[in-house]
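Fold and geometry: a report
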Amino acid sequence: EIAEIIRESEYVVGMTGAGMSVESGIPPFRGADGLWTKYGNPPMDGYSKFKEDPTGWWNRRTNEKIDAHILELRDALANAKPHAGHYALAGLEKQGSLQSVVTQNIDGLDEKAGLQNLIEIHGNRTKLRCIECGDRVSLGEFVPLFAPDPCEKCEGLVKFDTVMFGEPIPDDVMMAARAEIDKADCVLAIGTSATVRPASGLLWIAEAAGATIIEINPTETKLTSLCAVSLRSTAGEALPALLKILSA
Ligand code: APR
């Protein structure tokens, strides 16, 4: 049924969340084994705290005085590899069944799996970004423990590209994500609880504009009632199966 809808669609956009990377060993945030479920919800003012005292923020990081959930997430991120679902998503793009992916994940696994037209709406953990001019610098696998120098372009404050709670989504990725959603006549929501705005708001915008919404998630979400099809499956099972059907 999902393959049929995709075949009949002109412009299919994927919207992935933490569930997309669970089978790569990265814990989700919500639900049974979510980090927030385990450690409690994080403070929503991370960004304003960082801006008040960036040196203090980096010193806590340098001295490993960072929250247990960040340590758990950081270790999982460091060892994670793309799984069959990531590669299948790249395969769907390659065969023209999918035109782009907006991901809420910062793990970079979509890019590693070969996805080309990818928008990382919550940033990428291996990049730094200037909060004034938005210039980004790739770090590769080196994740700094010390405060980076001010922006080479504008002397602005540089932080990790990863969007903190309370931080506005950088204009460039927000506009790019919105542009993709506005072109979509089908959105494939994979592994997201569809609870965190403004990213999740894009799903409601797409639906209101008449796009067909498809969900792949082992559990129901707030989005389920809007979906033409909501498949109770994991990303690692459903996406390779979908690619197989669409490759036949
Ligand atoms: N395959 C597909 N979906 C899965 C799998 C799996 N193997 N395992 C769990 N899920 C689903 C869960 O049922 C849940 O609905 O993935 C979803 C994960 O939801 P969240 O943990 O809330 O992740 P996400 O929607 O991406 O959260 C959005 O919240 O904390 C912030 O910035 C963080 O980007 C994150 C944002």
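Let me begin by describing the structure that accompanies this report. (Residues numbered from 1 in each chain as written. Predicted model: local features only at pLDDT ≥ 70, side-chain atom pairs only at ≥ 80, totals over all residues. Heavy atoms only, no water.)

With respect to helix 10 (residues 235-247)
- Taking 1.5 Å of rise per residue, the 13 residues of helix 10 would be expected to cover 18 Å, and the 18 Å separating its terminal C-alpha atoms lies within 8% of that figure.
- Turning to helix 10, its buried residues number three or more, namely Ala235, Gly236, Ala238, Leu239, Leu242, Leu243 and Leu246.
- Those residues of helix 10 that are buried are in contact with helix 1 (2-8), helix 6 (84-94), strand 7 (186-190), strand 8 (212-216) and strand 9 (229-231). (Helix = DSSP H or I, 4+ residues; strand = E, 2+ residues; numbered from the N terminus. Expected span 1.5 Å × (residues − 1). Buried < 20%, exposed > 50% of the residue type's maximum accessible area, 1.4 Å probe, protein only. Contact = heavy atoms within 4.5 Å.)

Observations regarding the packing of aromatic side chains
- Applying the stated criterion across every chain, the model contains six aromatic pairs.
- Aromatic pair Phe29 and Trp36: ring centres 5.1 Å apart, planes at 35 degrees, arrangement tilted.
- The class for Phe29 is partly exposed, based on a relative accessible area of 25%.
- An angle of 80 degrees between the planes, with centres 5.0 Å apart, marks the rings of Trp57 and Trp58 as edge-to-face.
- Each member of the aromatic cluster is reached from another via a ring pair, and the members are Phe50, Trp57, Trp58 and Phe160.
- Note that Arg197 overlies the ring of Trp204, its terminal NZ or CZ placed 5.9 Å from the centroid. (Phe/Tyr/Trp six-rings, centres within 6.5 Å; stacked < 30°, edge-to-face > 60°. Lys NZ or Arg CZ within 6 Å of the ring centre and 35° of its normal.)

Looking at the nonpolar core
- By size, the foremost hydrophobic cluster in this structure holds 26 residues, and its most contacted members are Leu89, Leu239 and Leu242.
- Elements represented by at least two residues in this core include exactly helix 1, helix 6, strand 7, strand 8 and helix 10.
- Top element by residues in this core is helix 10. It accounts for six residues. (Core = buried A, V, L, I, M, F, W, Y, C linked by side-chain atoms within 4.5 Å.)

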